[in-house]
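Summary of the model geometry
If you want the building blocks of each chain, they are given just below.
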Amino acid sequence: MSMHHTRISHHLITRDLAAVAMGAKPADLIIKNGRLVDVCTARIREPVDIAVYQGHIALVGDAAHVQVNSQTRVMDASGKYLCPGLIDSHMHIESSMVDLPAFAAGVLPQGTTTICPDIHELTNVLGMKAVDLFYESAKGLPLKALIAMPVCVPSLPGMEDAGADVTPSLVREAYESGRVFLQGEQMNFPGVIFGDDTVHQIISAGIRANKVLTGHFSSRDTNAGLNAYIASGMTADHETTTAQGAAARAMRGMYVQQRYGSAWLDLPQLVEAITHDPGCDTRFYTLVTDDVTAATVVSNGHLVRVLRKAIQLGINPVMALQMVTINPAQMLEASRWIGSLTPGRAADILVVDNLTQFTISQVFCDGVAVAEDNQLCRPIHPYAYPDWALKTMHLDWLAPTDFHIPAPFENPVQVRVIHLVPDRVHTLSKTRTLESKDRCLHADPLQDLAKAGVFYRHSPNGSADKSRGLGFVSGTRFIPGSAYASTVSHDSHNLLVVGMDDTAMALAANTLIESGGGLAVVMENRVLAHLPLPLGGIMGLESMETTAVGVQAVENALAQIGCPHKSFEMTLSLLGLVVLGELRLSNRGLVELKDGQAPRRVDLILDS
């Protein structure tokens, strides 16, 4: 039997909760003799009982007087810790490459009970229909999915083309519909700090709707730019990569969403803002995943992996737990509902054996046991998607000539090169000198110089000849005759192809055009690995475990073609994210973004 979860609103049962607490009405669940991790005051209290009624906590303390009946579940938690469910305040489900029901099935046993999915990835493909799909597929799930409204689709208008255009009026309508809980990351930070009218209309809509506005400030300017960004209404940010940047945000009342994803491993640098400043108040620090693949979740865990890493890096376990419970709940202005094991709050309870390793034996959502010993108590039912959400690859087959980069008459020439940095979101802008051959510029494995192409794929009448960007990339270490293709290409999710050989690049691209999107790795005219992702071309319909096997096969294939870095498919996926510095490639060409400057289009070939 599949799990269908029902959630009761607090305002409907206030008298009942009072009656349970007073011993006048039986509880549904009583957990006795636990070690309560009190995240409100950063203390561990024992022994403590918790009484639950209709999904809400009625009592925390001594439940000896609380009534029981034949329906009451009573369990003894002696020797175990009772912790609030974990809250991921910034994440993208699409990066796991599974849909919401499969994601819930994968992370609930690991203690994640609330997520704030910023769904701008699927919205870039499907438009506002993506919001409807997420809202509908969330119904009946034990996992609380507080949808974040995508506000940057495309992320930088004029610099790229997506499958949709989210306008201020659409944002206002979404807030009025009640389908979204908060604003997703405002990635167009240049538009914020340089006063773009459309961007500020979107910000104004969020403020008027009383929504929490989350940010994406990837600039290193912690004075004028950061102040301008926060003054405009941004509440939280996950893009800082340094302790100095984290401290600069926290001191200005901006929540620091310390990121530790599959490839963006910023947490070790960020926690130094705390470990190097003993006694500092950490209420404005949270932990988030941002982007994690199914392979990471299955092998190492979801948000619990970030929590364990923070503890390993020297953060006190109770303080670290605050960063994934009460702190994000307060950031979301939802602490009267979630984030602590206190009366009136949702009974999202983790029974934990060990705080340092944070080993979870049981998970309750709204007082219902949903997982035990890392297994769901009952399966979660799948969601049936409409046909239009599964057929989004509108691009004719590509030929090797579609990857040709014409050379000027002068020879040699200098070209701009995007240099990828493993485990980081930023790139470096480099230059290389190339000799032309057959009037074209070519990839050069000896220089670790691959060719890259981004092809618009969202319009049924689209043409690769009219909407493609070509350039060069270093840092892949790909070998001759190899290529990689992906439609997981943030944020517009056009078709990205990177390779050392035009024929291999065409084969990788056409593999995805035929399958409706996904990831593909090619070597010597054969497909080494192929992960189809039919939902919007960026998500699959399989379980987390099955998808993890597919992601691992892609990573193994990338290693076969010379890439020495782990989770590098995620690093490659940011080649087209034009709101990150320093140099990116969109379907319109190269985009340069440097601190203190507005983004601009630049030529591939430099003037001699």
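These numbers come from a predicted model, not from an experiment. (Residues numbered from 1 in each chain as written. Predicted model: local features only at pLDDT ≥ 70, side-chain atom pairs only at ≥ 80, totals over all residues. Heavy atoms only, no water.)

With that settled, consider the overall build of the protein. In terms of helices and strands, the protein carries 18 helices and 31 strands. For 608 residues, the compact-globule estimate of 2.2 N^0.38 gives 25 Å, and the protein sits close to it at 25 Å. Its C-alpha atoms put the protein at 90 × 50 × 45 Å along the principal axes. Working note: accessible area of the protein is about 22,300 Å², and carbon and sulfur atoms make up 48% of it. For the protein, the separation between the mean place of its 46 positive charges and that of its 61 negative charges on side chains is 3 Å. (Helix = DSSP H or I, 4+ residues; strand = E, 2+ residues; numbered from the N terminus. Rg over C-alpha atoms; globule rule 2.2 N^0.38 Å. Areas by Shrake-Rupley, 256 points an atom, 1.4 Å probe, with all protein chains shown as cover. Lys, Arg positive; Asp, Glu negative; His and termini not counted. Charge placed at Lys NZ, Arg CZ, Asp CG, Glu CD.)

Attention shifts here to the nonpolar core. Phe-358 and Leu-495 are the most contacted members of the largest nonpolar core, which has 163 residues in total. For this core, the element with the most residues is helix 16 (residues 502-515), which contributes seven residues. For Leu-495, the contacting residues outside a window of four places in its chain are Met-393, Leu-395, Leu-398, Gly-453, Val-454, Phe-455, Arg-457, Ser-486, Thr-487, Ala-509, Leu-512 and Ile-513. Ranked by size, the runner-up nonpolar core spans 15 residues in total, among them Leu-36, Leu-82, Leu-341 and Val-351. (Core = buried A, V, L, I, M, F, W, Y, C linked by side-chain atoms within 4.5 Å. Buried < 20%, exposed > 50% of the residue type's maximum accessible area, 1.4 Å probe, protein only. Contact = heavy atoms within 4.5 Å.)

Below, the discussion takes up unusual backbone geometry. Following Glu-46, the chain continues to Pro-47 via a peptide bond in cis, the omega torsion being -10°. That bond from Val-153 to Pro-154 is cis: its omega, -5°, falls within 30 degrees of zero. Relative to the elements of secondary structure, Pro-154 occurs in the loop between strand 9 (148-149) and helix 5 (168-177). Residue Gln-54 is not a glycine yet carries a positive backbone phi of 50°. Counting through the fold element by element, Gln-54 comes out in the loop between strand 2 (43-53) and strand 3 (56-61).

Moving on, we get to the UniProt feature "domain: Amidohydrolase-related" (unreviewed entry) in the protein. The positions that UniProt labels "domain: Amidohydrolase-related" (unreviewed entry) are, in the present scheme, residues 81-370. From the first C-alpha to the last, residues 81-370 spans 18 Å; its make-up is 36% helix and 19% strand. (UniProt positions renumbered as here; feature names shortened; annotations may be inferred.)

This part takes up the packing of aromatic side chains. Overall, the coordinates contain five aromatic pairs when judged by the stated rule. Consider the rings of Phe-189 and Phe-217, whose centres lie 5.3 Å apart with planes at 70°: the pair is edge-to-face. With Phe-189 in helix 6 (residues 189-193) and Phe-217 in the loop between strand 11 (213-215) and helix 8 (224-231), this residue pair connects regions lying 28 residues apart in the sequence. Measuring from ring centre to ring centre gives 4.9 Å for Tyr-383 and Tyr-385, while their planes differ by 70°; the resulting arrangement is edge-to-face. The exposure class assigned to Tyr-383 is partly exposed, which follows from its relative accessible area of 26%. (Phe/Tyr/Trp six-rings, centres within 6.5 Å; stacked < 30°, edge-to-face > 60°.)

Now for the side chain of Arg-259. Among the secondary structure elements, Arg-259 is positioned in strand 13 (residues 255-259). Take Arg-259: its relative accessible area is 1%, and that puts it in the buried class. There is a polar contact of 3.2 Å between the side chain of Arg-259 and the side chain of Glu-239. Every residue in contact with Arg-259, bar those within four places of it in the chain, is listed here: His-238, Glu-239, Thr-241, Trp-264, Leu-265, Asp-266, Leu-267, Leu-270, Val-288, Thr-289, Asp-290 and Val-425. (Polar contact = N/O pair within 3.5 Å; in protein donor to acceptor, adjacent residues only side chain to side chain.)

We now examine the packing of helix 5 against helix 7 (residues 197-208). The contact between helix 5 and helix 7 brings their axes to 9 Å, and the two run at 10°. Classified by the angle their axes make, helix 5 and helix 7 are roughly parallel. In this structure, helix 5 uses Pro-168, Val-171, Arg-172 and Tyr-175 to contact helix 7, whose residues at the interface are Thr-198, Gln-201, Ile-202, Ala-205 and Gly-206. Each residue belonging to the contact of helix 5 with helix 7 can be placed in one class, and the counts come to five nonpolar, three polar and one charged. (Axes fitted to C-alpha atoms, helices over the stretch in contact; angles between N-to-C directions. Parallel < 35°, antiparallel > 145°, perpendicular 65-115°, else oblique. Nonpolar A, V, L, I, M, F, W, Y, C, P; charged D, E, K, R; others polar.)

The next subject is the layout of surface pockets. If you add up the space inside the largest pocket, you get close to 600 Å³. Together, 30 residues line the largest pocket, and Ala-102, Ala-105, Gly-106, Met-544 and Glu-545 are the ones closest to its centre. Those elements that place two or more of their residues in the lining of the largest pocket are helix 2 (100-107), helix 12 (294-300), helix 13 (303-312), strand 16 (359-365), strand 18 (375-376) and helix 17 (544-560). Considering only residue class, the lining of the largest pocket consists of 16 nonpolar, ten polar and four charged. (1 Å grid on protein atoms, 1.4 Å probe; cavity = no way out; pocket = protein on both sides within 12 Å on 5 of 7 lines; lining within 4 Å. Points joined across faces, edges and corners; volume = space filled by probe spheres on them.)

On to the environment of Ala-334. Take Ala-334: it is sitting in the loop between helix 15 (326-331) and strand 15 (349-354). Once the C-alpha coordinates of Ala-334 and Arg-345 are considered, the two residues, eleven residues apart in sequence, prove to be 9.9 Å apart. Sequence-distant contacts of Ala-334, defined by excluding residues within four places in its chain, comprise Phe-181 and Ala-329.

Right, let's get into empty space enclosed by the protein. Overall, the coordinates contain five cavities of 30 Å³ or more when judged by the stated rule. In this structure, the largest cavity occupies an estimated 120 Å³ of space. Considering only residue class, the lining of the largest cavity consists of six nonpolar, five polar and seven charged.

The pairing of strands in a sheet comes from backbone hydrogen bonds and takes either a parallel or an antiparallel form. An order of 9-10-11-12-13-14 is seen for the six strands of this open sheet, with the pairing classed as parallel. Of all the strands in the sheet, the pair left with one neighbour each is strand 9 and strand 14 (285-288). Where strand 12 (residues 236-237) and strand 13 come together, two bridges link them in parallel fashion. Its bridge partner being in strand 13, Asp-237 is matched across the sheet by Val-256. (Pairing = 2+ DSSP bridges.)

Summarising burial for strand 20 (residues 413-420): six of the eight residues are buried, a large majority. In terms of strand pairing, strand 20 meets strand 21 (residues 427-434) through eight bridges, oriented antiparallel. Counted as the bridge partner of Leu-420 is Thr-427 from strand 21. Here strand 20 runs beside strand 24 (residues 468-474); their pairing, made up of two bridges, is parallel.

Attention shifts here to the pattern of salt bridges. A side chain of one charge can pair with a side chain of the opposite charge when the charged atoms of the two come close. Under the definition given, this model contains 23 salt bridges. Here Asp-595 and Arg-220 are joined by a salt bridge, their closest N and O atoms 2.8 Å apart. Here Asp-595 is found in the loop between strand 30 (589-592) and strand 31 (600-602), whereas its partner Arg-220 is found in the loop between strand 11 and helix 8, with 375 residues between them in sequence. Taking the shortest distance from any N to any O, the salt bridge between Asp-237 and Arg-249 comes out at 2.7 Å. Residue Asp-237 is found in strand 12, and its partner Arg-249 is found in helix 9 (residues 243-250); the two are separated by twelve residues along the sequence. We note that Asp-237, like Arg-249, is buried. (Salt bridge = Lys/Arg side-chain N within 4 Å of Asp/Glu carboxyl O.)

The mixed open sheet is built from eight strands, whose spatial order is 21-20-24-23-26-25-27-28. Bordering the open sheet on either side are strand 21 and strand 28 (526-532), each of which pairs with just one other strand. Ignoring which end each strand starts from, the neighbouring axes of this sheet average 25° apart. Contacts from helix 17 reach strand 25 (482-486), strand 27 (518-523) and strand 28, with the element oriented near 150° to strand 28.

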